[in-house]
Amino acid sequence: MAEGHSLLEEDFCCPICCDIFKVPVVLKCSHSLCEECLREYWDTQLVLQCPVCRKECSADEPTRSLAFTSLCENFKNRKGAASAVDVCPEHDEKLKLFCFEDKQPICVVCYTSKKHENHKCSPVVEAAKVLKEDLKDKILTLNITLDGITEAQASYEEKTEQITAEIEITENKIKAEFEKFHQFLKKEEEARITALRKMGKMKISPFQTRIDEMTKEISVISENVAYLLQLMESDHIAFLKTYSENLQRCSLPATKEGLRPDNKQSEQYLRRKETILTNMSSEGFVSRLDRPMLHMPKLDSETKIDDVDYIPTLLFSVWARMQNLVPNAPVTLDPNTASNRLVVSEDLCSVYYVEQRQMVPDNPERLYVGVLGSQGFRSGLHCWDVEVGENDHWTVGVVKESIERKKLLNMDPSSGMWSIRLSRGVYRVGVKIRKELYLPEKPWVIRIQLDCDSRKLKFFDPFRNTTLYTFTNIVITEPLYPYLCTGCSTQALNLYPANSG
């Protein structure tokens, strides 16, 4: 920048007095001079000539330039201000050195003082060159970070568009299913669409939040890069005086934990980053770049909207609610048999688990664990559905009327119980030697079919039309009662009538 000032000063200097123009005038030959210098020069000449090119001139030829006069005044003011900045405020000496310990320009007197004793110092030109190279590396890091965040933001935006599209598809399927019902089912349709949209909003929310954060990060980094690039163009002293303060602008914004890029996205980003760094290094742009690994957010949550969660059980769930119109359901629950941690609903079709034991009479028919149906069967074909839904701890089946009710029931036909159970993520069959059931998909509803005449008890998934397990050769010498038990406080077991065919 010092060389820049020298060139500018020559442009503003009079060729006669070699000082900055005072009331500059312009000749027809386009040469400029001080008005006073030109008059004094012409007083010594017999023929009026341009002192620069010796071209003859007339006495009325010189013309003043107000614009050029203004430029000269501005230049003198800037030169005076720059001279003041270049001088040490303590010793009134020119600032020629830069102290790397205190990160500020100093004069020669400062360098020899005790204050800067044993401090590493360099001439301002050398220091500015070194520090500008260092700053260039940091700007490169910021640009790489900016590129990575921009790519991650695009990925989040793509995810939100995907979720929105899947929500729209699932919504249309739900509407198509509801066309099969009469007009009074419109409220059910709206309820499910509301739930779907709410779930979609919840899935989009973390992505949108991170997108907003990234937009702010991009804005901050972009502003810092623009400011630092502008700072690189300033003169050495102005650059060095604010270097320590502006170094903070090179700090990367904190990366939010919990959201990180998936492996594929990380590999793509790292390959892109390595290519950029290799190219810039080969072209002489990178000298000592410390390449910090960008800690990018990761897409670690399941974002797919699966219509399997909505469509397969839709018709049954709505149809089951229509059973409230039926005054006497074929199978209901007997609240007098419910254990003290189970609560039976008023319609006798649902049972809830509660953490606190209930104050209930210890009547003879009450079970230690579980609840029975209101009616027992010892002949004929009987069928009922139990909606287990998201319940993760349940047992369903049938038990003998003479079951030991004041003790924990054994899942064993020899004890008078035929059942299947879900506990701790494992499905089991109630036989003497515990048998696990390996189900490819989680059933939403368990249909129980008791054929007393054929002495069979069948459990199957009505929506997938798959048999889960079948008990055969059941000895029926007394009534068998439907049995339900749950240990999940967030999801009730719901009982509905079913087709026995």
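Described below are features of the structure shown in this document. (Residues numbered from 1 in each chain as written. Predicted model: local features only at pLDDT ≥ 70, side-chain atom pairs only at ≥ 80, totals over all residues. Heavy atoms only, no water.)

### Points about the overall build of the protein chain
- Along the backbone of the protein chain there are ten helices and 19 strands.
- Here the protein chain, with 501 residues, has 41% of them falling under the buried criterion.
- Long-range contacts, defined here as pairs at least 24 residues apart, represent 65% of the contacts in the protein chain between residues at least 6 apart.
- Accessible surface for the protein chain amounts to roughly 28,800 Å². Of this, 51% is attributable to carbon and sulfur atoms. (Helix = DSSP H or I, 4+ residues; strand = E, 2+ residues; numbered from the N terminus. Buried < 20%, exposed > 50% of the residue type's maximum accessible area, 1.4 Å probe, protein only. Contact = heavy atoms within 4.5 Å. Areas by Shrake-Rupley, 256 points an atom, 1.4 Å probe, with all protein chains shown as cover.)

### Here we look at the sheet that holds strand E16 (residues 456-461)
- Strand order in the open sheet formed by seven strands is E7-E8-E19-E10-E15-E16-E17, and the pairing between neighbours is antiparallel. Since the sheet does not close on itself, it has two edges, and those belong to strand E7 (342-344) and strand E17 (466-471), each with one partner. Strand-to-strand, the axes of this sheet are offset by a mean angle of 20°, without reference to chain direction.
- Here E16 runs beside E17; their pairing, made up of five bridges, is antiparallel. Directly across from Lys458, in E17, lies its bridge partner Thr470. (Pairing = 2+ DSSP bridges. Axes fitted to C-alpha atoms, helices over the stretch in contact; angles between N-to-C directions.)

### Digging into the packing of aromatic side chains
- Applying the stated criterion across every chain, the model contains ten aromatic pairs.
- For the pair Phe12 and Phe68, a centre-to-centre distance of 6.1 Å together with 15° between the ring planes defines the contact as stacked. Of this pair, Phe12 sits in the loop between helix H1 (2-11) and strand E1 (24-26) while Phe68 sits in helix H3 (residues 66-85), and the two are 56 residues apart along the sequence. Neither Phe12 nor Phe68 differs from the other in exposure class; each is buried.
- Put simply, the rings of Phe12, Phe21, Phe68 and Phe75 pair up and form one aromatic cluster.
- If you follow Lys120 out to its NZ or CZ, it ends over the ring of Phe100, 5.3 Å from the centre. (Phe/Tyr/Trp six-rings, centres within 6.5 Å; stacked < 30°, edge-to-face > 60°. Lys NZ or Arg CZ within 6 Å of the ring centre and 35° of its normal.)

### Here we look at the side chain of Asp334
- Looking at the element boundaries, Asp334 is found in the loop between helix H10 (314-321) and E7.
- For the buried Asp334, no salt bridge exists, and the shortest N-O distance to an oppositely charged side chain is 6.3 Å, to Arg405.
- In terms of polar contacts, Asp334 uses its side chain to reach the backbone amide nitrogen of Asn336, at 3.1 Å.
- Setting aside its immediate chain neighbours within four residues, Asp334 contacts Val371, Leu372, Gly373 and Ser374. (Lys, Arg positive; Asp, Glu negative; His and termini not counted. Salt bridge = Lys/Arg side-chain N within 4 Å of Asp/Glu carboxyl O. Polar contact = N/O pair within 3.5 Å; in protein donor to acceptor, adjacent residues only side chain to side chain.)

### Observations concerning the pattern of salt bridges
- A complete count under the given rule lists 13 salt bridges for this structure.
- Put simply, Glu213 and Arg210 hold a salt bridge, and the shortest N to O gap is 2.8 Å. Of this pair, Glu213 and Arg210 both sit in helix H6 (residues 186-232), three residues apart, which is roughly one turn of that helix.
- Judged by relative accessible area, which is 22%, Glu213 ranks as partly exposed.
- Across the pair Arg464 and Glu441 runs a salt bridge whose closest N-O atoms are separated by 3.1 Å.

### Description of unusual backbone geometry
- Even without glycine at this site, Cys18 takes up a positive phi of about 55°.
- Along the chain, Cys18 falls in the loop between H1 and E1.
- A relative accessible area of 58% places Cys18 in the exposed class.

### Quick notes on the nonpolar core
- Counting residues in hydrophobic clusters, the biggest one holds 40 residues, and the most contacted among them are Leu135, Leu228 and Phe239.
- For this core, the secondary structure elements donating two or more residues are strand E4 (97-99), helix H5 (124-178), H6 and helix H7 (236-241).
- In this structure Leu228 touches Leu135, Ile139, Leu142, Asn246, Arg249 and Cys250, once residues within four positions along its chain are discounted.
- Within the second largest apolar cluster, 37 residues are counted, among which are Ala338, Trp394, Ile448 and Phe471. (Core = buried A, V, L, I, M, F, W, Y, C linked by side-chain atoms within 4.5 Å.)

### What about the environment of Val360?
- Here Val360 lies in the loop between strand E8 (350-353) and strand E9 (371-372).
- Note on Val360: relative accessible area 34%, which makes it partly exposed.
- Along the sequence, Val360 and Ala338 sit 22 residues apart, while their C-alpha atoms lie 9.3 Å from each other.
- Residues contacting Val360, with those up to four places away along its chain left out, are Asn340 and Arg366.

Worth remembering: the numbers are spatial, not functional.
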